[in-house]
Amino acid sequence: MQTIYLDVLLVCQLYVHYILLRITAGMTHSRLRTGRCLLGAACGSLSTLMIFLPPLPTVLSVLCKLLCAVLLCALTFGWHDPRRLLWNSISLFGSSFALAGILLALSLCSGIRVVEANACWYLDVSLLHLVLFTIVAYLLLRTVQHLRDRSHAAEGGYRICIRYRSCTAQLEGLADTGNVLTDFFTGCPVIVCDRALLGAMLPADDTCPQGCRLLPYTTVSGSSLLPVFRPDEVVIRSERDGRTRCVDALIGAGTSPTQKAIFHPRLLES
């Protein structure tokens, strides 16, 4: 009989689910607060108690894991937007299985004991080994995401509608994989706009709006600080097919030689 230590199971799964939720937020560009992330990770850790149940059919186990993913995403990210909830759930479900496969492969190489039951995994590892394994898995997942972003071809023109308080700005958009600027605190991507195009959204005296902060960034011409702020709403509309997407992004008020709002194409997948 294989021995499973409850404290090791819960602590390790709390850590793993926290990382998975962070990865999901990064993949779908969803706003994620630390408190909600910890709450979701705790519930995800408790869901792994399924490992103590009698063996379930494989299909039922997978369906239970999928249902847990949906509930975790609803609890962590909210359930008001069904499309975003579906995308978050699929991303969390896929990341969970990808991470499990990577950890299993690493455990086979190192000889660490692994227990699998009802689509739940238990690794009898020290916290140090778990951290190292998760870092490797995280880097591999991020590499896959980076390669996918580079191969993603965003064609056609875009219109970006930015709403901030009582002001609204309509800008021509440009999907550019070179814009990888991300806010350190929220993990949200930054749409770089020419300050002059934002109009009355910004003060006339070149100061920043309330709630604005400075974000370091680097270009081929050097490094500087970019004023960024969170708008009330950002909607990207494709002029090719007319589809619209409400995205979670910050606005950077800088200078754009193309006179367009520059965003990363992966925002179109959120």
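Look up a bit, the structure's there.
Residues numbered from 1 in each chain as written. Predicted model: local features only at pLDDT ≥ 70, side-chain atom pairs only at ≥ 80, totals over all residues. Heavy atoms only, no water.

A. Structural context of the side chain of Thr48. Along the chain, Thr48 falls in the loop between helix 2 (34–47) and helix 3 (58–77). On the basis of relative accessible area, Thr48 is assigned to the buried category, the value being 2%. (Helix = DSSP H or I, 4+ residues; strand = E, 2+ residues; numbered from the N terminus. Buried < 20%, exposed > 50% of the residue type's maximum accessible area, 1.4 Å probe, protein only.)

B. Spatial organisation of the pattern of salt bridges. If you walk through the whole model with that rule in mind, you get 4 salt bridges. Measuring nitrogen to oxygen at the nearest pair gives 3.4 Å for the salt bridge that ties Glu233 to Arg163. Of the two residues, Glu233 sits in strand 8 (residues 233–238) while Arg163 sits in strand 3 (residues 158–164), which places them 70 residues apart along the sequence. Overall, the relative accessible area of 31% leaves Glu233 in the partly exposed class. (Salt bridge = Lys/Arg side-chain N within 4 Å of Asp/Glu carboxyl O.)

C. Quick look at unusual backbone geometry. At Arg165, a position not held by glycine, the phi torsion is positive, near 55 degrees. For Arg165, a relative accessible area of 51% gives the class exposed.

D. Focus on the packing of aromatic side chains. Tallying each qualifying case throughout the model produces 2 aromatic pairs. Their ring planes at 85 degrees and their centres at 5.5 Å tell us that Tyr158 and Phe263 sit as a pair that is edge-to-face. You can see Tyr158 sitting in strand 3 and its partner Phe263 sitting in strand 11 (residues 261–263), a full 105 residues away along the chain. Both residues of the pair, Tyr158 and Phe263, belong to the buried class. (Phe/Tyr/Trp six-rings, centres within 6.5 Å; stacked < 30°, edge-to-face > 60°.)

E. Layout of the pairing of strand 8. Relative to strand 8, strand 3 is paired through 6 bridges, and the arrangement is antiparallel. Note on strand 8: the bridge partner recorded for Ile160 is Ile236. For strand 8 and strand 9 (residues 244–246), the ladder comprises 3 bridges, and the chain directions are antiparallel. Paired with Val235 across the bridge in strand 9 is Cys246. The hairpin formed by strand 8 and strand 9 contains 5 residues between the paired strands, and Gly242 there has a positive phi angle of roughly 80 degrees. (Pairing = 2+ DSSP bridges.)

F. Quick look at the environment of Cys12. With respect to the secondary-structure elements, Cys12 resides in helix 1 (residues 6–28). The exposure class of Cys12 is buried, given its relative accessible area of 12%. In this structure, the C-alpha to C-alpha distance between Cys12 and Val131, residues 119 residues apart in sequence, is 9.5 Å.

G. Examining helix 3 more closely. Counted at 1.5 Å a residue, the expected span for helix 3 with its 20 residues is 28 Å, and the 28 Å between its end C-alpha atoms agrees. Residues Ser61, Lys65, Ala69, Leu72, Cys73, Ala74, Thr76 and Phe77 constitute the buried set of helix 3. Just past helix 3, the residue Gly78 takes up positive phi, approximately 100 degrees. (Expected span 1.5 Å × (residues − 1).)

H. Structural context of the pairing of strand 3. Burial along strand 3 is one-sided: Tyr158, Ile160, Ile162 and Tyr164 are buried, and none of Arg159, Cys161 and Arg163, which face the opposite way, are. Sheet analysis places strand 3 next to strand 4 (residues 167–175), joined by 7 bridges and oriented antiparallel. Note on strand 4: the bridge partner recorded for Ile160 is Leu171. Counting the residues in the hairpin turn of strand 3 and strand 4 gives 2 residues, including Arg165, whose phi is positive at 55 degrees.

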